[in-house]
Structure formats: C-alpha cells, structure tokens
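# Structural overview
So you can see what is in the structure, the chains are spelled out below.
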Amino acid sequence: PGFATVTLPAGTYTLTRTGNDADSMNGDLDINDSVTINGAGTATTIIQGATDAAFTGTIGDKVIGINQDGLRLALTTLVSGVTIRYGNNTVPDGDPTFAYTGGGVDVFLTGTNNSITFSNCVITGNQTTNSYGGGVNVDSANSGLGGDPPLNTVNRGRVRFEQCNISNNRSRQVGGGVNRFADIHDVVLDNCVLTNNTALGTAGDGAS
C-alpha cells in the first residue's frame, strides 16, 4: 500500500498464469495503488502476455490492467521505458467482471484526480478477440448518473501517453490502437506514433 517505485531491469518478462482476476494472482499485471515502474528502455525491458506473436502460451488476458475492479481512487501511476506486447484478451464480451476490454493496457477511471502516465513505451502486437481496445482501452464512469455534484462534472483525472509507439494491435470491435469508452475521459497523446492498428467494428472505428 502507498506509493512505490519499481525498477525493472533489462529482460523479457513473460506472464504465465492463466485466469482472470483483479489482484495479479492470475492473468494480467493489476495495478491497484500508486506506483512508478521504470524499465531500462523499450528495446530491452519487455513485458508480454505470451511467448511470441502467435500468442503461444497466452494467458488469455491483457498485459497491464489499472484499477480493474473499479474500487481504487486517486491513483498516480507512471510506467516508462518498457515494451508491452502479446496481450491476447479472450475474456467473453459481456462477462460480469468487465475484464474483456483492452489487449495491451486497460484503464478504468473512478474516483477523482487520477493521474495515469505511460512515457517512452511501446505497445504492440496485442489484441482483443471479443471486445474493444486492442492496444489500449480507457473506460470511465457514465455521465447522467446523478449525484451531488453530478457525476458528469467530476474530474476523473487524466490518462497520458508521452512519446509512445502504439502499433500493430487489433480489436474485434472498435479501437484497434486506442479506444475511449463511456462519457468521462481525458486522454492525451503527446508526441506519439499510432500505426498499423486494426479494428473490425463498424467502419473500422479507431483503427489508427
């Protein structure tokens, strides 16, 4: 608990525990508290959800999930200098855990004043087989839900990508590269490259 810094040395870190939960016991790496993760650079620090681009030995999940149970508030998270690849999210669309979104990275914004940043990262070769957000998915609370103050006026915070390459990802629905879903989200892409992403949804929405 509390803010931590993780220095991730050069190496290829392959996730191997199949399954779906929100506490990193199985499937993806779940971030549920404020943390900084510093890799040694995208060429040498690699986090992957399978052993190769054909998804051999896939965990059947995204690679990194932030606030997957929606219960974490005001997170400050920085991930830098890593490649995130070979996420193959096979969770059925409509699953009650909502874990079916995002192939490489999935972020759920709840609470207020979240600050989620990916800096100098490569997000590549990921896919969702049933849902949306092949490379990245950002979900947020719906507006129009009432509350005092109204939920659609609450600052949920920002998800920021700085000098990132988001490429060669695929979505079964929309958002091959980056998908924004629900009504409240502040997503910034600063000096990023999005290329060769594919979305199979209506008119290829969000394929870039």
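My aim in this report is to walk through the structure given alongside it, one point at a time.

Cut-offs applied
Going along each chain's sequence as written, the residues are numbered from 1 onward. Whole-chain, interface and lining totals are the exception, using all residues; otherwise, since this is a predicted model, local features are given only for residues with pLDDT of at least 70 and side-chain atom pairs are given and counted only at 80 or more. Side-chain calculation: all heavy atoms of the structure are included, whereas hydrogens and water are not. Secondary structure elements are taken from DSSP: a helix is a run of H or I of four residues or more, a strand is a run of E of two residues or more, and numbering for both begins at the N terminus. Type-normalised accessible area, obtained with a 1.4 Å probe on protein chains alone, sets the label of each residue: buried when under 20%, exposed when over 50%, and partly exposed for intermediate values. Only heavy atoms enter the contact rule, under which two residues are in contact if any of them lie within 4.5 Å. Under the convention used here, a 1.4 Å probe and the Shrake-Rupley method define accessible areas, while residue burial counts only the protein chains that appear. For the purposes of this section, nonpolar cores are sets of buried Ala, Val, Leu, Ile, Met, Phe, Trp, Tyr and Cys residues that join through side-chain atoms within 4.5 Å. Contacts described as polar in this section are N or O atom pairs within 3.5 Å, which, within protein, must combine one atom able to donate a hydrogen with one able to accept it, while residues neighboring in sequence count only if both atoms come from side chains. Should a side-chain nitrogen of Lys or Arg be within 4 Å of a carboxyl oxygen of Asp or Glu, the pair is scored as a salt bridge. At least two bridges found by DSSP between two strands are what make those strands a pair. Whenever a pair of cysteine sulfur atoms sits within 2.5 Å, that pair is classed as a disulfide.

A few words on the overall build of the chain. Assigned secondary structure in the chain consists of zero helices and 21 strands. Out of the 208 residues in the chain, the part that is buried amounts to 49%. Within the chain, contacts between residues separated by at least 24 positions form 83% of all contacts whose residues are at least 6 apart in sequence. For the chain, the accessible area works out to roughly 8900 Å², and carbon and sulfur atoms hold 51% of it.

The subject of this paragraph is the nonpolar core. Side chains of nonpolar character tend, in soluble globular proteins, to be buried together. With 30 residues, the main nonpolar core has Phe118 and Phe161 as its most contacted residues. For this core, the secondary structure elements donating two or more residues are strand S4 (35-39), strand S6 (64-66), strand S10 (105-109), strand S11 (114-119), strand S14 (136-140) and strand S15 (157-162). The dominant element in this core, judged by the number of residues it contributes, is S10, at three residues. The residues touching Phe118, leaving out its near neighbours within four places in the chain, are Ile66, Val79, Ile84, Val105, Arg160, Phe161, Glu162 and Cys164.

In this fold, Thr128 is placed in strand S13 (residues 127-128). In this structure Thr128 touches Asn89, Tyr100, Thr101, Gly102, Gly103, Gly133, Gly134, Arg170, Ser171 and Arg172, once residues within four positions along its chain are discounted. A polar side-chain atom of Thr128 sits 2.9 Å from the main-chain carbonyl oxygen of Ser131.

Our next topic: the pattern of salt bridges. For the structure shown, the criterion picks out five salt bridges. Asp106 is the partner of Lys62 in a salt bridge, and the nearest nitrogen-oxygen pair spans 3.1 Å. You can see Lys62 sitting in the loop between strand S5 (45-48) and S6 and its partner Asp106 sitting in strand S10, a full 44 residues away along the chain. Classification of Lys62 by relative accessible area gives buried; the value is 0%. Given a relative accessible area of 3%, Asp106 falls into the buried group. In the salt-bridge network here, residues are joined through shared partners; they are Arg160, Glu162 and Asp190.

Turning our eyes to something else, we now look at the sheet that holds strand S17 (residues 170-171). The strand order across the open sheet built from four strands is S9-S13-S17-S21, with neighbouring strands paired in parallel fashion. In the strand order of this sheet, the two ends are held by strand S9 (88-89) and strand S21 (198-199), each with one partner.

Moving on, we come to the state of the cysteines. Considering all chains together, one arrives at zero disulfides under this definition. Residue Cys121 stays outside any disulfide, its sulfur separated by 4.8 Å from that of Cys164, the closest cysteine. With no disulfide partner, Cys164 has as its closest neighbouring cysteine sulfur the one in Cys192, 4.8 Å distant. A residue is classified by how much of its surface remains accessible, and Cys164, at 2% relative accessible area, is buried.

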